[in-house]
Amino acid sequence: MIKNNTTEDLLDPNKYQDNYEISPFSKEVCESLFRKLVLIRETEIKIANERKLNNIKGPVHLSAGQEAVSVGISENVKNSDYIFGNHRSHAHILSLGSPVDKLFAELIGRSTGLSKGYGGSMHLVDMDVGFMGSVPIVAGTVSMAVGAGFAISQRKSDSISIAYLGDGAVEEGVFHESLNLAKVNNLPVLFVVENNLFSSHMDIDKRQPSSFTSRFAKSNLIEYKIVDGNNVLDVLRCSKELIKNIRETKEPKFIEAITYRMFGHVDWREDIDVGTNRCEESLRKWKLRCPIKRFQNSLIEQNFFSESELDSIKLEIINALDYSWQKVTNDPLVDKKSLLNNVYFENK
Ligand SMILES: Cc1ncc(C[n+]2csc(CCOP(=O)(O)OP(=O)(O)O)c2C)c(N)n1
Ligand SMILES: [Mg+2]
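My aim in this report is to walk through the structure given alongside it, one point at a time. (Residues numbered from 1 in each chain as written. Chains lettered and ligands numbered in written order. Predicted model: local features only at pLDDT ≥ 70, side-chain atom pairs only at ≥ 80, totals over all residues. Heavy atoms only, no water.)

1. Considering the site of ligand 1
Cut-off, in case you're wondering: The rule for a residue being near a molecule or strand is that one of its heavy atoms must lie within 4 Å of it. In protein, a polar contact requires one atom able to donate a hydrogen and another able to accept it; more generally it is a pair of N or O atoms within 3.5 Å, and residues adjacent in sequence count only if both atoms are side-chain atoms. The Shrake-Rupley method, run with a 1.4 Å probe, gives the accessible areas here. Residue values count only the displayed protein chains as cover. Residue polarity follows a fixed list, in which Ala, Val, Leu, Ile, Met, Phe, Trp, Tyr, Cys and Pro are nonpolar, Asp, Glu, Lys and Arg are charged, and the others, Gly among them, are polar.
Taken together, the neighbourhood of ligand 1 is formed by 15 residues, with H87, R88, G168, N196 and F198 sitting nearest. Within the side chain of R88, an N or O atom sits 2.7 Å from an oxygen atom of ligand 1. Contact distances for ligand 1 include 2.9 Å between an oxygen atom and a backbone N or O atom of F198. Across the complex, the protein chains shield 73% of the 580 Å² of accessible surface that ligand 1 would expose by itself. In terms of residue class, the shell around ligand 1 is made up of five nonpolar, seven polar and three charged.

2. Focus on helix α1 (residues 27-52)
Here is the rule: Labels follow the DSSP assignment, with helices taken as runs of H or I lasting at least four residues and strands as runs of E lasting at least two, numbered in each case from the N terminus. Helix span, as expected, comes to 1.5 Å for every residue beyond the first.
Its 26 residues place the ends of α1 37 Å apart at the C-alpha level, agreeing with the 38 Å of an ideal helix rising 1.5 Å per residue. Of the residues trailing α1, N54 is marked for its positive phi of about 65 degrees.

3. Here we look at the packing of α1 against helix α4 (residues 100-107)
Pairs of packed helices are described in terms of their axes, by the angle between the two and the distance that separates them. What counts is decided by this rule: The axes are straight lines fitted to the C-alpha atoms, using for helices just the contacting stretch, and the angles between their N-to-C directions are given from 0 to 180°. Throughout this description, any angle smaller than 35 degrees is read as roughly parallel, any larger than 145 degrees as roughly antiparallel, any in the 65 to 115 degree range as roughly perpendicular, and the remainder as oblique. If you view the pair so one helix is near and one far, a crossing is left-handed when the near helix is turned anticlockwise from the far one by less than a right angle, and right-handed when it is turned clockwise. Here a residue-residue contact requires only that any non-hydrogen atoms of the pair lie within 4.5 Å.
Their axes nearest at 12 Å, the elements α1 and α4 cross at an angle of 20 degrees. The angle between the axes of α1 and α4 places the two elements in the roughly parallel class. You can see that α1 and α4 cross each other, and the crossing is right-handed. Residue-level inspection shows T43, K46 and I47 of α1 in contact with α4, the latter providing V100, L103, F104 and L107.

This is the structure in C-alpha cells:
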C-alpha cells in the first residue's frame, strides 16, 4: 500500500498517489479534517461556478487541490496566533474556521462580508480567527508576518505568526530580507511556501535553477521541512513539530509543501497549455494525487469510514453551501456613499 518515495519524487505527479497510513489519528480527528477539506473544495467549486456565471464581479484565485496545506497547519494554530495570507487565501481563512457565509458575502460586495464587502476575494480579513489579511501584492504580507513576529517577541507571549506564500513569492526581494530579519532577530515566524510549481502561467522549471524553494531557508540557517502538500496528515505532523519548536525556541522555521492547483491561475478555467508543462496529461496525473481522494480512499481502506458515510458528509456540506449562497444574496450591498470611509487622505 505505502511506497517509499523520495523527496525528489514529490515533483513527479506519477508518484505519491497511493493510500497512506491513518493510524494513530482518531476517527474524530479524521472526520473533522475530512469535513474541512471538503468544505474548502466545494466552496471553491461553488465560487468557480458563480464566477463563470458572472455573479461574482471580481477575479477569484482558487486553491482547489491545495486544501491539505492549510487544513493540516491550522490544526496546530491557536486563536492568539497571527496568520497572513496572499492572493489565494480562501482555504487559509476557511481552515481557521472563518464562516463561509461571510466569505461568500465578501465576494458579492455585501456589507456582511469579511471586509464589509469593500475588498473581494483578495482582501480578506478575520481577526476573530487570527487571520490578519490577504493581499494581491505577491510577497506583500511576508514582511508583515515578520513584523508580527517582532511584536510577539516584545510581548514575550508564546504566539507565533505564519506567512503563507507561493513559489512565485520567493522571487521577490522582500522574501529574502524577511527570512534574514526573522533569523537574526530570533522571531517566532513560520514561513509556509505552497509550492504549486507555477507563478501565474510560468512553471518553476523555467524560472528557477531548482524546483525546491527551501534552499533559501537553508541559506539563512532556518530549519526547514519539505512535505507532501497533498497529504493532510503529513502536513499536520510536520507543522505540529515545527510550530511546537517555534513556541519553545522563538526561532523561525520553514515548510515547503509541494502541491498543485486544479484550476488555472485565476477564475474557473484550467489553463491548459498556457504554461509550458500544464497540459491536459499533467493535470490528469496531478488529479490522481488529489488530497481529498487519497485521504478518503485511505479512510475507507483502513475501515475508519464507509464510502456512503463519507458521501453523505459531502452531500451535507454541498447542501449547506447552496443554502449559504442563497442566504447572502439577500444581504445588503455596500452602501455606495460609504466607499470613501476608512480611506486616509490629507486635504491640503
Ligand atoms: C509584486 C507583484 N508582482 C506581480 C504580481 C502579479 N501576480 C499575481 S499572482 C502572481 C503569481 C504568484 O505566484 P505564486 O506566488 O506561486 O502563487 P500562486 O498563484 O501560485 O498561488 C503574479 C506574478 C503581483 N500581484 N504582485
Ligand atoms: Mg505558485
